Amino acid sequence: MSQHRDEHLDLCAAYVLGCLDEADRSRLEAHLAEACPVCEGALRDFGGSAVLLAASVPPALPSPAIKARVLAAVRGDAGAEGGRAKEGRILPMKKRWALPPRLGWALAACFVLATGVLFTTMTRLRQDLNRARDQVQNLTRDLDSERRWAAVLASPGARTASFSLTPAGEAELRARATVDPETHRAILVFQNFKAPSGRDYELWALRGNTPVSLGLIRPDPSGRAVLRIEDIGDPAGLTAFAISLEPRGGAPTRNEPTGPIVMIGSLGG
Ligand SMILES: [Zn+2]
């Protein structure tokens, strides 16, 4: 589908006013053929607005005097001075008050064009408003999520694990885990986890003596990583965490580390 652009709205306005040239019209029609919802809405608005504008003018019948004046002026325009003679006391409109027909059409065209521009602007504002609403929704969702995760760290029943190095671990590795037994959520923070090239650190949960992979530790360039686990499983059976250094991509099976264990973290109360 061809991408909707702002210029399409200008083309839509001109399309409704019937003043698109051949090239622009076929360009817009090609775009409309792909059912662009923005342009379809704009066309509805523009078309509707023209009708609404016409309907918003209060209906009025000209008084007989005005009708007679207009008729007399028309007859005067037709060239014959007879109009004045025939209608007697009714004076023809003075020429200097009559709008040249072209000027009248130009004013009407300006009015319709201004309406088109107004609706183009309104459509854009509506799009901006929708975008802003989406952003607020996303931020609210992010904030809710942060609050939920902050609650893990603040939970009175939270259990923590400080990791200790095994002889196979690099001295600068640091890791810490917090588990909320109530919600089963866990947050693990890792520091200085820069794996040697071609290797990855992998996190394991130990239930009794059975390891279960919790995934790879993917640090930022400074070696820091935060792992948020939505459901760590039954916290009662969870005895410890372990970290192994695996070939790139991790161990081939979920229940068996293949590389050396570099850290162990036993869960405290
Ligand atoms: Zn479009």
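Here, the structure is the one placed above.
The following paragraphs examine the structure supplied in this document.

Quick notes on the rules
Residues numbered from 1 in each chain as written. Predicted model: local features only at pLDDT ≥ 70, side-chain atom pairs only at ≥ 80, totals over all residues. Heavy atoms only, no water. Pairing = 2+ DSSP bridges. Helix = DSSP H or I, 4+ residues; strand = E, 2+ residues; numbered from the N terminus. Axes fitted to C-alpha atoms, helices over the stretch in contact; angles between N-to-C directions. Phe/Tyr/Trp six-rings, centres within 6.5 Å; stacked < 30°, edge-to-face > 60°. Buried < 20%, exposed > 50% of the residue type's maximum accessible area, 1.4 Å probe, protein only. Lys NZ or Arg CZ within 6 Å of the ring centre and 35° of its normal. Core = buried A, V, L, I, M, F, W, Y, C linked by side-chain atoms within 4.5 Å. Donors = N, O, S within 2.8 Å, 3.2 Å for Na, K, Ca; no water. Tetrahedral: all angles 85-135°; square planar, octahedral: opposite > 155°, others 65-115°.

Section: the sheet that holds strand 1 (residues 159–165)
So, step 1. What the eight strands build is an open sheet, ordered 5-4-7-8-1-2-3-6; its pairing is antiparallel. Of all the strands in the sheet, just strand 5 (210–217) and strand 6 (225–229) have a single pairing partner and so form its edges. Across this sheet, the average inter-strand angle for adjacent strands is 20°, counted without regard to direction.

Quick notes on the packing of aromatic side chains
So, step 1. Enumeration according to the criterion identifies three aromatic pairs in this entry.
So, step 2. Their ring planes at 70° and their centres at 5.3 Å tell us that Phe190 and Phe193 sit as a pair that is edge-to-face. Neither Phe190 nor Phe193 differs from the other in exposure class; each is buried.
So, step 3. In textbook terms, an aromatic cluster arises when at least three aromatic residues are bridged by ring pairs, as seen for Phe190, Phe193 and Tyr201.
So, step 4. The cationic tip of Arg185 hangs over the ring face of Trp149; the distance from NZ or CZ to the ring centre is 5.8 Å.

Comments concerning the nonpolar core
So, step 1. Counting 25 residues, the largest nonpolar core has Phe163, Leu188, Phe190, Phe193, Leu203, Phe241 and Ile243 as the members making the most contacts within it.
So, step 2. Listed by contribution, the elements that provide at least two residues to this core are strand 1, strand 2 (174–180), strand 3 (185–191), strand 4 (199–207), strand 6, strand 7 (238–247) and strand 8 (261–267).
So, step 3. Looking at this core, the element that brings in the most residues is strand 7, giving four residues.
So, step 4. With 14 residues, the next largest nonpolar core counts Ala13, Ala14, Cys36 and Ala42 among its residues.

Remarks on the pairing of strand 1
So, step 1. Looking at chain direction, strand 1 and strand 2 are connected through four bridges and run antiparallel. Bridge assignment links Thr160 to a residue of strand 2, and that residue is Thr178.
So, step 2. The pairing of strand 1 with strand 8 spans five bridges and is classified as antiparallel. Within the sheet, the bridge partner assigned to Ser162 lies in strand 8 and is Ser266.

Here's the deal with the coordination of the zinc ion
So, step 1. Bound to the zinc ion on the protein side are His4 (ND1), His31 (NE2), Cys36 (SG) and Cys39 (SG), at distances that span 2.0 to 2.4 Å.
So, step 2. Coordination geometry of the zinc ion: the four donor atoms subtend angles of 100 to 127° at the metal centre, consistent with an arrangement described as tetrahedral.
So, step 3. Going along the chain, you hit the donors of the zinc ion in the pattern H-x26-H-x4-C-x2-C. You can see His4 sitting in the segment before helix 1 (6–16) and its partner His31 sitting in helix 2 (residues 22–32), a full 27 residues away along the chain.

Purely geometric stuff here, so don't read any function into it on its own.
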